[in-house]
Amino acid sequence: MKKLIAGNWKMNGLASSLAEIEALKGITGEAACDIVVCPPLTLVEKAAERVGGSRIAIGAQDCHAQPSGAYTGDVSAEMLAEIGARFVILGHSERRSAYRETDAAVAAKAIAVHQAGLTSIICVGETRAERDEGRAIEVVCAQLEASIPNTATSSNTVIAYEPVWAIGTGLVPTLEQIEEMHSSIRQALEKRLGENGLGVRILYGGSVKASNAKAIFGVSNVDGALVGGASLKASEFAGIITAAA
Ligand code: PGA
């Protein structure tokens, strides 16, 4: 399976940062994996213009479940498609915690993303307490089951396993813990989606850097990475892409 390396810029970046996306064009390993950068909404259209004609895709970090309507401040999947987004991150732990996004809300957004012809990157992950209680796999598989809609296929859905305690902390699970979780996710996907479940890419996310990426990519059922902090600078992100290639 071709690896997918996704960058999540979160609420970082002004127009002057677009050069970091443009600098990814033609870097070593570009052809060997799929690359998507998800800048803040304000930069999506400009970023899509800058990478036009290259193999780099642009994505967004959230959307509304409805195509239009009285939802002040929100943006629909259709609107994102119109400005050149091809992926949408959904259910990131920061949105699940800060905006109380439920699994059902994530699934509804994913349907909208699929109907707009885009690919959803659905995030799941346990908290430190849940892992310490020995419930990590149970929690993640339950999130997965309830966050994936019936419209999901291997071509419109990507899963990102991001332990909440590993995001932005510099902490990373052991390779054994990653392997155990990713194989549980694979089994759950196969059970839920049949043949399609075998083709859904499962990304690892949480403190991925150029220095630890190669080891993580060597773990079975790790089909790429969702990268936060280390995606902001092209030089660091390029190191992760090269490690995947
Ligand atoms: P991080 O963030 O790479 O900065 O840990 C990952 C994410 O939140 O997607």
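Conventions and cut-offs
- Residues numbered from 1 in each chain as written.
- Predicted model: local features only at pLDDT ≥ 70, side-chain atom pairs only at ≥ 80, totals over all residues.
- Heavy atoms only, no water.
- Helix = DSSP H or I, 4+ residues; strand = E, 2+ residues; numbered from the N terminus.
- Expected span 1.5 Å × (residues − 1).
- Buried < 20%, exposed > 50% of the residue type's maximum accessible area, 1.4 Å probe, protein only.
- Axes fitted to C-alpha atoms, helices over the stretch in contact; angles between N-to-C directions.
- Parallel < 35°, antiparallel > 145°, perpendicular 65-115°, else oblique.
- Contact = heavy atoms within 4.5 Å.
- Pairing = 2+ DSSP bridges.
- Right-handed = clockwise from strand over helix to strand, strands pointing away.
- Near = heavy atom within 4 Å.
- Polar contact = N/O pair within 3.5 Å; in protein donor to acceptor, adjacent residues only side chain to side chain.
- Areas by Shrake-Rupley, 256 points an atom, 1.4 Å probe, with all protein chains shown as cover.
- Patch = residues over 30% accessible without salt bridge, like charges linked within 9 Å, V, L, I, M, F, W, Y side chains within 5 Å.
- Salt bridge = Lys/Arg side-chain N within 4 Å of Asp/Glu carboxyl O.
- Lys, Arg positive; Asp, Glu negative; His and termini not counted.
- Charge placed at Lys NZ, Arg CZ, Asp CG, Glu CD.
- Left-handed = near helix turned anticlockwise from the far one by under 90°.

Engineer: Just give me the short version of helix α5 (residues 103–115), but keep the residues and values in it.
Structural biologist: Between its first and last C-alpha atoms α5 spans 18 Å; for 13 residues at 1.5 Å apiece the expected length is 18 Å, and the two agree. By the burial criterion, the buried members of α5 are Val106, Ala107, Lys109, Ala110, Ala112, Val113 and His114. Residue Gly117 follows α5 closely and has a positive phi angle near 80°.

Engineer: Give a detailed account of the packing of α5 against helix α7 (residues 136–147), specifying residues and quantitative values.
Structural biologist: For the pair α5 and α7, interaxial distance at closest approach is 7 Å and the crossing angle is 40°. Taken together, α5 and α7 sit at an angle that is classed as oblique. Residues Asp103, Ala104, Val106 and Ala107 of α5 lie in contact with α7, whose contacting residues are Ala142, Gln143, Ala146 and Ser147.

Engineer: Help me get a handle on the pairing of strand β4 (residues 87–90), residues and values and all.
Structural biologist: Residues of β4 alternate between two faces, with Phe87 and Ile89 on one and Val88 and Leu90 on the opposite face, all of them buried. The sheet contact formed by strand β3 (residues 56–60) and β4 spans 2 bridges and is parallel. Bridge pairing in β4 links Gly59 to Phe87. With helix α3 (residues 77–82) bridging β3 and its parallel neighbour β4, the resulting β-α-β unit is right-handed. Summarising the sheet, β4 and strand β5 (residues 119–124) pair through 4 bridges and their orientation is parallel.

Engineer: Which residues make up the site of the ligand, and what values do they have?
Structural biologist: Neighbouring the ligand are 13 residues, the closest being Lys10, His92, Glu162, Gly168 and Ser207. Note that an oxygen atom of the ligand is positioned 2.6 Å from one of the side-chain N or O atoms of His92. Here Gly229 contributes a backbone N or O atom positioned 2.9 Å from an oxygen atom of the ligand. Across the complex, the protein chains shield 94% of the 280 Å² of accessible surface that the ligand would expose by itself.

Engineer: Give a description of a negative patch on the surface that names residues and reports values.
Structural biologist: A cluster of acidic residues, Glu45, Glu49, Glu78 and Glu82, forms a negative patch at the surface. Contributions of two or more residues to the negative patch are made by α2 (41–51) and α3. By the element assignment, Glu49 lies in helix α2.

Engineer: Break down the environment of Ala15 for me, citing the residues and quoting the values.
Structural biologist: Turning to its location among the elements, Ala15 is positioned in the loop between β1 (4–8) and α1 (18–22). The sequence separation of Ala15 and Ala225 amounts to 210 residues, and the corresponding C-alpha distance is 25 Å.

Engineer: Kindly report on the packing of helix α10 (residues 210–217) against helix α11 (residues 234–244), identifying the contributing residues and their values.
Structural biologist: Orientation of α10 relative to α11, taken along the N-to-C sense of each, is 20°, at an axis distance of 8 Å. Taken together, the axes of α10 and α11 lie roughly parallel to each other. Classified by chirality, the crossing of α11 by α10 is right-handed. Mapping the contact onto sequence places Ala210, Ala213, Lys214 and Phe217 in α10 and Glu236, Gly239, Ile240, Ala243 and Ala244 in α11.

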